[in-house]
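Listed below, chain by chain, are the residues.
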Amino acid sequence: MRYAMAVDTKKCVGCSDCVVACQTENHVPIGYCRDWVVEVTDGTYPQLEIELRSERCNHCNNSPCVRCCPTGASHYSEGGIVLVTPNECIGCGACIASCPYDARYPHPDGYVDKCTFCIHRIKKGLKPACVAVCPTRCMYFGDLDDPKSEVSEVLKRRKHKTLIPEAGTSPQLYFLI
Amino acid sequence: MKEELIISGRMNDPIDPVLHIWSWEIPLYLFFGGLAAGILFFAALYVIQGKENQFPTAVRKAPILTPVLLIAGLLALFIDLHHKAYFWQLYTNIKLQSPMSWGAWTLMVVTPLSLIWAALSLKEFIPNWDWKLPWLIAFEAWCRKQLLSIAWLTLLFASILGIYTGILFSAFNARPLWNTSILGPLFLTSGLSTGAATIMLMSKDPAERKTFARIDLLLIAIELFLIVHMFMGFMASTQVQIDAARLFLGGEYTAPFWVFVVGMGLVVPAFLEVLELRKKHIPVVVPALLVLFGGIMMRFIIAYAGQASRWLY
Amino acid sequence: MTSRRDFIKIAGVSLGGMTAGGKAAYQAMANTLEKNSLDPTLLNRTPTYCEVCFWKCAGWVYKKPDGDIWKITGNPDDYNCNGRFCPRGTGGVGMYYDEDRLQTPLIREGKRGSQYYRKATWDEALDKVAEGMKKIAQEHGPECVALFNHGSGGTYFGHLMKAFGSPNIAAPSYAQCRGPREVAFLATFGEGVESPERTDIRDTRCLVLIGSHLGENMHNGQVQEMSDAIDKGATIITVDPRFSTAAGKSKFWLPIKPATDLALLLSWIHVIINEGWYDKDYVDKNTFGFDLLREHVQNMTPEWAYGITTIAPHIIRETAREMANASPAVIIHPGRHVTWYGDDSQRLRAVAILNAILGSWGRRGGYYNPDTLKLPEYPHPPFPTPQRTWREAFPGKYPLAGLALASGLCDATIPALTRNCSIKGWIVDGTNLIETLPNQKNTIEAIQNLDLLVVVDTMPMEITGWADVILPECTYLERYDTVRTGPHRQPQLALRMPAVAPRYDTKPASWMAKELAKRLGLEAYFAWESIEELIDWQLKQVGSSLAEMQRIGVKTFPRKYDDLYFNPAESYEFNTSTGKIELYSNEFANAGFDPIPNYTPHEEPPPGFYRLNYGRGPAHTFSRTSNNPNLTDIMDENVLWINPKVAQEWGIKPGQEIWLKNQDGVVSQFPIKARVTERIRWDSVYMVHGFGHDDKRLTRCYGKGASDTRMITKVHIDPVMGGTGMRGNFVTFLFEPETMEAKS
Ligand SMILES: Nc1nc2c(c(=O)[nH]1)N[C@H]1C(S)=C(S)[C@@H](COP(=O)(O)OP(=O)(O)OC[C@H]3O[C@@H](n4cnc5c(=O)[nH]c(N)nc54)[C@H](O)[C@@H]3O)O[C@H]1N2
Ligand SMILES: Nc1nc2c(c(=O)[nH]1)N[C@H]1C(S)=C(S)[C@@H](COP(=O)(O)OP(=O)(O)OC[C@H]3O[C@@H](n4cnc5c(=O)[nH]c(N)nc54)[C@H](O)[C@@H]3O)O[C@H]1N2
Ligand code: SF4
Ligand code: SF4
Ligand code: SF4
Ligand code: SF4
Ligand code: SF4
Ligand SMILES: [Mo]
């Protein structure tokens with residue numbers, strides 16, 4: 001099993017609902033977030049292009065954050081989901097410094113927090129909160145090892161990219177372009 | 001024009017707007033670690049070479065500082081932890097791929113060694129010192145007998161510690177400025193150089209001082225070489241590393257780096273040491289303090305600028 | 001022959017019948033109510049519909065183990081949201097948790113606007129309001145009390161006003177929003193567009209957005225359907241001087257010169273008629289005035305429009321072709337906030353005409369025929385007949401205004417020699433008039449002439465600072481409300497019930513209105529004992545019940561007629577003077593307006609000034625969310641979009657704070673940060689509406705960003721229906737407040 005997410009940059013409108021929904025679903029304290037939305041505008045008026053991306057932890061296959069964690073608090077869980085166990089985490093910040101995507105933050109309670117792919121929801125057969133709320137339905141989630149999952153299907157059909165593949169992290173958050 | 005914005009207003013403290021997860025604690029920890037490693041390295045080296053009497057300060061005096069430095073360093077590390085109650089987790093896990101784990105365990109070995117060195121130095125300062133407890137007295141005697149083995153062990157772990165202070169950063173692929181294998185040798189060299197400077201400061205023996213001035217000069221030359229080499233490496237690398245190097249070549253860290261680290265921390269003391277070797281009367285404290293200052297600044301600046309350097313996407 | 005007009009009549013009759021039998025039916029079930037209705041505080045999930053904007057999505061409120069609110073998610077059965085809330089709805093929890101909320105009734109001490117209030121009990125506050133209303137009724141007549149409302153509380157206060165004898169009830173959603181569109185579509189098709197819009201976006205093959213910035217305008221169903229359309233490969237054409245998010249999704253973006261859309265629309269009509277691309281059968285069968293229209297647009301060539309709009313002729317032709325290819329599954333979107341330049345009814349007429357000749361009205365992928373289930377009113381005595389209405393305040397003006405004008409009521413409050421009586425009392429429920437009506441000076445002058453200003457709100461917004469009495473409403477998460485009806489492909493009802501008991505000493509509008517009715521001797525109009533009883537009674541009339549709705553939240557009903565789209569085999573009668581779709585409008589002609597629209601040029605910014613453009617940010621609703629803790633986390637201030645060329649000319653750096661000064665010398669109260677971006681033209685600047693709050697009680701948003709409303713001092717009133725055109729204002733930059741000018 002290999003969980004992955006794909007975000008359609010052609011449909012995303014950058015509304016940030018995914019961020020608000022993640023915050024409420026996961027009790028992310030106000031002032032922090034596990035996901036965020038990037039807008040890239042290129043060109044000169046009126047020859048313009050825009051790309052909108054909802055970003056979060058890439059649940060990298062080869063994740064430096066897991067590697068550099070001195071306690072094993074950062075670990076791979078089922079389906080390759082990268083998780084932090086709060087009471088194994090000493091809050092040293094090494095994983096934060098090691099993530100090229102700045103996907104982690106220290107929770108005010110001390111431990112380091114990040115996107116969990118909403119593992120508590122997936123286990124119940126639900127989609128991650130951000131995927132479930134997105135008004136443009138521009139996010140796909142599922143098991144890459146299952147060729148019939150919606151994420152496998154859409155990646156077969158559409159051109160896509162990952163962020164900073166050259167960092168060698170093998171990210172599992174795909175952007176349809 | 002290309003415009004890139006986080007439109008959901010991300011302000012994760014201390015990630016945004018630039019990473020600042022590590023402030024003064026980690027660079028200080030690394031500085032103290034490097035300095036202690038430098039002192040222990042020289043102490044061990046001269047014991048192994050059998051030159052204890054030639055270099056009394058290096059072998060018998062300076063080591064007394066090292067446990068203080070290491071404990072202060074560990075304290076800084078502890079202060080840096082956000083989830084302090086779980087500190088012990090560091091010592092219930094060994095993660096070979098994690099430099100943090102590595103460092104914690106190295107310190108676990110080096111700190112007792114430094115205590116031994118300090119204990120053996122104590123009589124230098126308090127000639128009538130008495131351990132009172134018989135087993136401590138026995139232990140001291142045992143240590144003195146095993147000094148050579150202890151010295152070898154110390155040499156090894158002091159080197160590891162010195163390199164570690166650089167590796168901690170260079171293991172972070174995510175920060176282009178740190179992502180260079182030169183940081184290890186550079187920090188090791190800088191640690192040795194600050195160690196030498198400390199010995200110079202403490203030494204009352206002109207011959208010893210002169211030797212250490214020579215050593216320091218050599219170390220400074222190596223550091224300068226490594227720095228030039230590092231920038232050449234960056235400039236010949238990918239855009240992100242070019243951008244990282246630009247932080248020092250016109251970017252916001254240009255003045256502090258070239259003035260404090262290279263100028264005041266390396267070139268000026270080197271010049272003063274050359275003058276002193278040429279028998280010009282230079283008070284030794286000046287170059288030595290400058291070297292220490294440069295060492296601290298280097299760690300702070302590399303720590304901060306590294307966090308400011310990032311991948312583009 | 002099926003008549004759309006008959007359809008409306010029939011619907012009316014059947015509802016009347018239901019009301020008559022209502023009371024009897026209620027008696028039969030009254031005693032079963034208790035055990036059927038649920039105690040909300042015991043449920044871990046309660047139904048609601050969202051009040052963060054007026055799309056009214058239905059959803060579920062979930063609670064934490066400690067019984068407090070956790071999250072709100074969409075109800076999958078609801079057509080307005082399909083199980084997905086927009087960011088504002090998801091962040092609605094912040095309305096409940098906002099600690100700056102109004103917490104008790106307040107009575108002003110000291111002079112109006114002085115912001116000096118004392119806490120009062122509900123009895124004191126309501127007595128004072130009733131007293132004030134009675135006094136005005138005695139001295140000037142009940143018509144001199146007006147209600148401004150926007151939101152669900154309007155039902156109850158509206159009912160109270162009608163019982164009291166005043167027809168002066170207005171919402172800013174007409175004259176400041178979609179009024180011109182409704183007027184234009186009524187004149188053309190005999191029916192308005194309504195809300196939610198009847199646009200069949202999900203099945204369209206070509207969607208033309210004229211300044212409708214869907215994606216920033218987060219009206220949920222429309223954004224969702226636009227995305228569905230993108231998936232299905234529909235062509236999107238966006239006409240917007242700004243590179244909107246929607247423009248970024250479009251096959252064609254037409255970066256039009258502001259205020260010239262009418263010329264573009266007329267030239268599209270020209271091309272489509274002259275090339276023979278219109279839907280001939282549909283036009284022959286259903287429209288009136290086609291030849292007059294053809295004649296009218298003969299000179300309005302793409303080349304003519306090019307000179308006005310700066311859109312190249314070949315692009316005009318190409319986009320016309322796209323529309324024609326997709327016809328009838330094409331939507332020239334009518335927009336929603338359309339009060340732009342004062343000729344808005346005419347611009348929207350051109351939109352309606354273009355849709356008509358492409359045959360999209362009543363067609364799949366164009367405009368569907370919506371259906372609504374209206375709930376019967378709880379039995380009450382007939383309303384008294386008012387002696388005067390708001391219309392008399394404007395003799396001969398705005399003849400086609402279908403609803404009361406909020407701006408008009410405001411104007412009618414300022415004494416004038418031509419009027420023998422001005423409005424003396426305002427009840428303001430859920431609308432922040434200071435930031436909502438253009439020309440703040442005018443609004444404040446009107447307020448200064450009032451004998452009574454009552455504000456019902458949840459937050460200490462600007463308008464509350466002027467009130468004599470402030471009645472704090474509990475948020476939508478803490479109350480029952482009118483059952484949501486509303487047009488859609490199939491009629492649906494949605495229930496709002498409290499998820500938790502009200503925080504603080506706050507009450508629902510329904511309770512306030514009933515309490516006031518008691519004090520005004522109008523209790524007969526509020527004969528129900530409790531809101532639960534009222535809702536249950538209404539629901540039982542249509543075959544549901546409170547208990548059922550508490551369980552399911554949303555209930556779908558069958559359509560009364562199977563006419564979602566027109567049947568090509570049938571012919572239809574439209575609710576217009578000719579019974580046809582009027583390309584030539586007799587109604588407009590009779591009222592003295594151009595029966596077919598004409599382009600008239602608008603003023604352009606003077607040198608050194610830029611047109612003030614404004615719009616929506618996806619995570620905020622007007623000014624109502626700007627203090628919401630969850631949503632300020634996403635966006636806590638508005639910024640001023642400036643083209644890089646302009647920024648360079650003025651030496652403005654990204655993020656730099658600047659003040660704005662408009663053509664009338666009005667300076668922004670707070671600085672606004674510059675966003676230097678290619679997404680805006682060099683002749684305009686842009687900001688999101690709803691920021692720059694100046695009430696210090698709003699601790700999160702006080703002084704954040706600038707208020708567009710403050711800069712909108714010149715209003716271009718639509719002579720057809722009184723809409724307030726707000727986009728004809730120009731601003732320049734100041735680097736220091738008021739004193740020094742940056743550049744001369
Ligand atoms: N300058 C400018 N003016 C505009 C517009 C613009 O874009 N720019 N847009 C226009 C348009 S399209 C519209 S529709 C109008 C909208 O105008 P309004 O509806 O007046 O807009 P808001 O600013 O959201 O004001 C809503 C008020 O309702 C209060 N409120 C929120 N929830 C509740 C509740 O549950 N109960 C009660 N009693 N009060 C509540 C809020 O605190 C706030 O004071 O504005 C128009 N005016
Ligand atoms: N997130 C969010 N969504 C909302 C609301 C909200 O408050 N927040 N409010 C809702 C309400 S009540 C309404 S009425 C709607 C309003 O939403 P819309 O009807 O979609 O928006 P407008 O405010 O009319 O239009 C704003 C757009 O018009 C463009 N524009 C400006 N001048 C011109 C011009 O001369 N020509 C053309 N072609 N375009 C021009 C602007 O650049 C901007 O992109 O939004 C609704 N949706
Ligand atoms: S909710 Fe969907 S459309 Fe909105 S920003 Fe997130 S991914 Fe984009
Ligand atoms: S994105 Fe960052 S936090 Fe997530 S797995 Fe990759 S390296 Fe770790
Ligand atoms: S902060 Fe926590 S999760 Fe991150 S590396 Fe340190 S111990 Fe591991
Ligand atoms: S998957 Fe869950 S935790 Fe991750 S960003 Fe989405 S909502 Fe947040
Ligand atoms: S569109 Fe958004 S704010 Fe409006 S009612 Fe729906 S969820 Fe609420
Ligand atoms: Mo509106």
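Residues numbered from 1 in each chain as written. Chains lettered and ligands numbered in written order. Predicted model: local features only at pLDDT ≥ 70, side-chain atom pairs only at ≥ 80, totals over all residues. Heavy atoms only, no water.

Colleague: What should I look at first to understand the packing of aromatic side chains in this one?
Modeller: Two measures describe an aromatic ring pair: the distance that separates the ring centres and the angle between the ring planes. Counting across every chain of the model gives 58 aromatic pairs over all chains. Consider the rings of Tyr 32 of chain A and Tyr 105 of chain A, whose centres lie 5.1 Å apart with planes at 25 degrees: the pair is stacked. Here Tyr 32 of chain A is found in the loop between helix H1 (17–25) and strand S2 (36–44), whereas its partner Tyr 105 of chain A is found in strand S6 (residues 105–106), with 73 residues between them in sequence. Of the two residues, Tyr 32 of chain A and Tyr 105 of chain A, both sit in the buried class. Judged by centre distance (6.2 Å) and plane angle (80 degrees), the rings of Phe 288 of chain C and Tyr 584 of chain C are edge-to-face. Of this pair, Phe 288 of chain C sits in strand S12 (residues 287–288) while Tyr 584 of chain C is found in the loop between strand S20 (581–582) and helix H22 (586–590), placing the two residues 296 residues apart along the sequence. Phe 288 of chain C sits in the partly exposed class, given a relative accessible area of 27%. Put simply, the rings of Phe 231, Phe 234, Phe 248, Tyr 253, Phe 257 and Trp 258 of chain B pair up and form one aromatic cluster. Over the ring of Phe 187 of chain B we find Arg 299 of chain B; its NZ or CZ atom is 4.9 Å from the centre of that ring. Positioned above the aromatic ring of Trp 60 of chain C is the side chain of Arg 45 of chain C, whose terminal nitrogen or guanidinium carbon lies 3.6 Å from the ring centre. (Phe/Tyr/Trp six-rings, centres within 6.5 Å; stacked < 30°, edge-to-face > 60°. Helix = DSSP H or I, 4+ residues; strand = E, 2+ residues; numbered from the N terminus. Buried < 20%, exposed > 50% of the residue type's maximum accessible area, 1.4 Å probe, protein only. Lys NZ or Arg CZ within 6 Å of the ring centre and 35° of its normal.)

Colleague: Would you mind showing me how to read the sheet that holds strand S2 (residues 45–49) of chain C here?
Modeller: The strands making up a sheet associate through hydrogen bonds between their backbones, and the pairing can be parallel or antiparallel. Residue and element names in this part refer to chain C. Ordered by their spatial adjacency, 3 strands build an open sheet running S2-S3-S4, and the pairing between neighbours is antiparallel. In this open sheet, the two edge strands, each paired with only one partner strand, are S2 and strand S4 (69–74). Shown here is a sheet whose adjacent strand axes are inclined to one another by a mean of 30 degrees, direction ignored. Pairing geometry for strand S3 (residues 58–63) and S4, over 5 bridges, is antiparallel. Each bridged residue has a counterpart across the sheet, and for Gly 59 the counterpart in S4 is Gly 74. (Pairing = 2+ DSSP bridges. Axes fitted to C-alpha atoms, helices over the stretch in contact; angles between N-to-C directions.)

Colleague: Just to check I follow, could you spell out helix H20 (residues 531–541) of chain C for this structure?
Modeller: Note that an α-helix has 3.6 residues per turn; residues three or four places apart therefore point the same way. Residue and element names in this part refer to chain C. Buried residues dominate H20, accounting for 9 of its 11 residues. Of all the positions in H20, only Ile 531, Glu 533, Leu 534, Ile 535, Asp 536, Trp 537, Gln 538, Leu 539 and Gln 541 are classed as buried. Phi for Gly 543, located one or two positions after H20, is positive at around 85 degrees.

Colleague: Would you take a moment to explain the interface of chain A and chain B for this structure?
Modeller: Interfaces are often described in size by the accessible area the parts lose on coming together. Listed by partner, the interface residues are 50 residues for chain A and 41 residues for chain B. For the pair chain A and chain B, the summed buried surface comes to about 3,900 Å²; carbon and sulfur atoms form 57% of the total. Its largest share of buried area at the contact with chain B, chain A owes to Ile 90, Ala 97 and Asp 102 of chain A, together 16% of the area lost on that side. Between Asp 102 of chain A and Arg 175 of chain B there is a salt bridge, with the nearest N and O atoms lying 2.9 Å from each other. Counting only elements with at least two residues in the side of chain A that touches chain B, the list comes to S2, strand S3 (47–55), helix H3 (94–98) and S6 of chain A. (Contact = heavy atoms within 4.5 Å. Buried area = accessible area lost by both parts, 1.4 Å probe. Salt bridge = Lys/Arg side-chain N within 4 Å of Asp/Glu carboxyl O.)

Geometric descriptors of this kind do not, in isolation, establish any biological role.
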